[in-house]
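# Survey of secondary and tertiary structure
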Amino acid sequence: MADICDNAQAVELLLRAEALDRARLRPAGPGPVYIDGVACCRTCQEPICSARLKAVPGCCQCRECQEEAEGS
Ligand SMILES: [Zn+2]
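Notes on the structure follow. (Residues numbered from 1 in each chain as written. Predicted model: local features only at pLDDT ≥ 70, side-chain atom pairs only at ≥ 80, totals over all residues. Heavy atoms only, no water.)

## What about unusual backbone geometry?
Worth spelling out the cut-off: Numbering of helices and strands runs from the N terminus; a helix is a DSSP stretch of H or I covering at least four residues, while a strand is a stretch of E covering at least two. Classification of residues uses two cut-offs on accessible area relative to the type maximum, computed with a 1.4 Å probe and protein chains only: under 20% is buried, over 50% is exposed, and between them is partly exposed.
Positive phi is not limited to glycine here, since D36 has a value of about 55 degrees. One can find D36 in the loop between β1 (33–35) and β2 (38–40). With phi around 65 degrees, Q45 is a residue other than glycine that occupies positive phi space. Tracing the chain through its elements places Q45 in the loop between β2 and α2 (50–55). For Q45, a relative accessible area of 41% puts it in the partly exposed group.

Next comes the structure, spelled out in structure tokens:
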């Protein structure tokens, strides 16, 4: 009985670790669009500043468009 419980727990931990890995690899959406090698906003095609890219890896919009999308 203890074996079955241990196995179930191990499987759950494994699945959770996999899900976390997946979430970490793909933070939010498909990421920016690259124009001439520059990461650009998917909405307005303006370059996304490097500070924002560093702060929000995989972000796909510039701050203005992100705020508009999240806006009230
Ligand atoms: Zn934008």
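Next comes the rest of the description.
## So, the nonpolar core
Note that soluble globular proteins tend to have their nonpolar side chains buried in a common cluster. Heads up, the rule is: Working definition of a nonpolar core: buried Ala, Val, Leu, Ile, Met, Phe, Trp, Tyr and Cys residues. They are joined through side-chain atoms within 4.5 Å. Every residue pair with non-hydrogen atoms within 4.5 Å of one another is taken to be in contact.
C41, I48, C59, C62 and C65 together form the largest nonpolar core, which totals five residues. Beyond its immediate chain neighbours, meaning those up to four positions away, C65 contacts C41, T43 and C44.

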